[in-house]
Amino acid sequence: MTMASIQIAGPGSRPRRRRGGQGPHPVVVGSVGSVVILLVWWAVASVFFTGPGALPTPLEVLLQFPADGLGFYWTNLQVTLVEAAQGYLLGAVLALLLAVLVLLVPSLERAGTQLAVVTYCLPPVAVAPVVFLLLGAPSPGDPSRTATCLAALLVFFLVYTNAVLGFRSADRQSLELVQAYGGRRRHQLLKVQLPASVPALIGGLKIAAPIAVLGAILGEYAGGVDKGLGPALLTAQRQVDAPRTFAIGLLSAAVAGGWFALLALVERLARLRLGGGGAELSRGPVAGGRGGGPWLAVVLGAGALAFLLLLWWLGLLAIDASPFVSKTPGDVWRYLFVDEAAAGNREIVLGNIAVTLADAGLGFVAGLIVAFALAVAMTLIPSLSHVVLPWALVIQLVPLVAMAPVIILLFGRGTATVAVLGGLIVFFPGLVNISMGLRTPPQEMLELVAVYGGGRPAQLRKVRLAACVPALFAAIKIGVPAAINGALLAEWLATGRGVGGNITTAMSSGNNIAVWAHVVVMTGVALGLYALVVVLEKAVLRRQFT
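For clarity, every value in this text was computed on a predicted model and none was experimentally measured.

With respect to the packing of helix H14 (residues 385-397) against helix H16 (residues 415-439)
Piece 1. Running from N to C, H14 and H16 cross one another at 135°; their axes reach a closest spacing of 10 Å. One element, H14, and the other, H16, form an angle in the oblique class. Considering the relative orientation of H14 and H16, their crossing is left-handed. Across the interface between the two elements, Val388, Leu389, Ala392, Leu393, Ile395 and Gln396 of H14 pack against Leu424, Phe427, Phe428, Pro429 and Leu431 of H16.
Piece 2. For the contact of H14 with H16, the residue count by class is 10 nonpolar, 1 polar and no charged.

Points about the pattern of salt bridges
Piece 1. All chains considered together, the criterion is met by 5 salt bridges.
Piece 2. With a closest N to O distance of 2.4 Å, Arg334 and Asp331 form a salt bridge. Placement of both Arg334 and Asp331 in helix H12 (residues 329-338) is noted, with a separation of 3 residues, approximately one turn of the helix.
Piece 3. Residue Arg334 is classed as partly exposed on the basis of its relative accessible area, which comes to 38%.
Piece 4. The shortest N-O distance in the salt bridge between Asp359 and Arg497 comes to 2.8 Å.

A short note on the packing of aromatic side chains
Piece 1. Inspection of every chain in the model, using the stated rule, returns 7 aromatic pairs.
Piece 2. An angle of 80° between the planes, with centres 5.0 Å apart, marks the rings of Phe72 and Tyr73 as edge-to-face.
Piece 3. Measuring from ring centre to ring centre gives 6.4 Å for Tyr120 and Tyr530, while their planes differ by 75°; the resulting arrangement is edge-to-face. With Tyr120 in helix H4 (residues 109-121) and Tyr530 in helix H21 (residues 512-544), this pair connects stretches of sequence that are 410 residues apart.
Piece 4. Given the relative accessible area of 3%, Tyr120 is considered buried.
Piece 5. Arg244 extends its terminal NZ or CZ atom over the ring of Phe72, reaching a point 4.8 Å from the ring centre.

Topic: the side chain of Lys327
Piece 1. When you line up the elements, Lys327 lands in the loop between helix H11 (296-319) and H12.
Piece 2. Although buried, Lys327 forms no salt bridge, and the nearest oppositely charged side chain, Asp331, lies 5.5 Å from it.
Piece 3. The contacts of Lys327, once residues within four sequence positions are left out, are Trp312, Leu316, Asn512, Ile513 and Trp516.

Thresholds, definitions, all that
- Residues numbered from 1 in each chain as written.
- Predicted model: local features only at pLDDT ≥ 70, side-chain atom pairs only at ≥ 80, totals over all residues.
- Heavy atoms only, no water.
- Axes fitted to C-alpha atoms, helices over the stretch in contact; angles between N-to-C directions.
- Helix = DSSP H or I, 4+ residues; strand = E, 2+ residues; numbered from the N terminus.
- Parallel < 35°, antiparallel > 145°, perpendicular 65-115°, else oblique.
- Left-handed = near helix turned anticlockwise from the far one by under 90°.
- Contact = heavy atoms within 4.5 Å.
- Nonpolar A, V, L, I, M, F, W, Y, C, P; charged D, E, K, R; others polar.
- Salt bridge = Lys/Arg side-chain N within 4 Å of Asp/Glu carboxyl O.
- Buried < 20%, exposed > 50% of the residue type's maximum accessible area, 1.4 Å probe, protein only.
- Phe/Tyr/Trp six-rings, centres within 6.5 Å; stacked < 30°, edge-to-face > 60°.
- Lys NZ or Arg CZ within 6 Å of the ring centre and 35° of its normal.
- Lys, Arg positive; Asp, Glu negative; His and termini not counted.

Shown next as structure tokens:
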């Protein structure tokens with residue numbers, strides 16, 4: 001589950017001191033709300049979901065840890081941690097190197113950014129089987145190379161985006177001063193831009209931490225390992241052991257949350273050390289470079305995709321993979337357009353793509369509607385954010401593959417599970433981006449409405465909704481590839497249809513060319529949809545602000 005760097009705050013842009021008569025303290029509101037949510041969970045589990053495989057109560061989940069023993073959880077956790085840490089480091093280093101390259105060679109910025117967008121649009125659920133086919137199963141006791149690669153892929157875009165934003169935040173006068181004393185571009189980078197990028201870069205690393213855990217578990221799901229949180233989740237699901245499934249999910253969330261919290265502390269210290277400087281964290285994936293016409297993103301996206309195809313071909317040559325499992329761009333082209341069965345192959349692939357897009361659309365609409373409704377509610381009732389945001393963050397920190405078995409146990413293997421899984425992956429970035437957009441309109445406009453007697457509802461209708469349009473598009477850009485990933489995961493683990501289900505079937509039957517063809521076409525569709533949103537965003541914002 002892929003998102004851009006975002007910072008959770010309260011109803012205002014900065015926390016304010018409480019004054020007398022302003023209502024309960026936010027900590028009290030959040031604590032009471034959390035207790036209410038836990039009690040509702042307990043009541044629902046006790047009354048409506050009883051029996052084997054049903055929703056466990058909070059107490060049953062907690063008792064599962066001593067029942068299984070700490071050794072069980074530690075044995076699996078350390079494998080996943082190593083994979084996630086290796087992928088995190090690999091993805092972060094590659095992203096930082098690319099960000100430095102586009103800084104030193106500005107003409108490469110558009111292409112570099114579009115390449116990063118392509119990696120963001122690669123559906124990891126579909127890519128995982130391909131990576132496993134290429135890298136194979138690890139030796140007994142070794143971490144999964146597939147898991148490491150998936151974690152690196154998911155981390156790359158987030159770190160690259162924030163590094164570029166941080167470099168751009170450098171003080172122009174300081175850059176000119178270095179240049180006046182004879183410094184070259186590399187001196188500006190070392191003395192000004194790297195220090196200025198620290199807060200934004202750490203922000204990206206912070207958001208990438210739970211994503212790395214998700215990538216590692218996804219890689220484990222692809223196969224080849226018998227230890228790790230992924231295999232443990234699969235075993236618990238097969239045994240219809242809901243308490244253990246919840247316990248593993250909570251453990252995953254705790255690890256990701258601890259990693260997130262540690263980097264959040266480092267981020268805060270860095271901001272204090274630098275005097276609060278640095279770039280503001282991004283609200284969404286960048287469209288690609290500075291300026292340019294609305295169709296430039298489409299052209300550059302196509303160029304970046306062509307470059308990725310070249311890397312694909314060169315990579316296969318470099319690793320000398322078996323032709324049985326490794327398929328070149330030419331192989332996929334022949335499968336879809338040249339072979340005698342090409343027409344039938346295209347029909348199958350496009351039919352599966354259509355099913356996945358319908359599933360993704362369902363999850364996208366469900367997640368965005370719930371996010372928008374809660375963001376509006378938090379704007380009208382600010383104290384509600386102290387209840388909603390902490391639990392929304394908990395949901396975000398639990399890897400989706402850890403939640404999937406629980407959702408399948410509760411909702412079955414049909415449309416409801418597709419909507420819930422897709423909605424969850426879209427919900428959190430949508431909620432934070434939209435709520436930030438609603439909170440930060442021009443203050444003078446809000447005061448003008450207030451002068452004429454308008455309260456919060458009037459300010460929402462007349463000012464906040466219009467000011468929220470850029471943030472809404474940021475949520476949509478994040479949500480489109482995310483919804484596709486949610487749909488693929490639901491198909492892979494629950495429904496057995498669409499691209500996700502058919503990739504699993506093709507792998508089990510040794511039809512590797514079908515796996516590659518589905519991945520390539522699905523990635524192209526995701527990138528095309530992302531580019532379409534970018535074009536629509538530019539057109540709407542140009543019309544709104546001119």
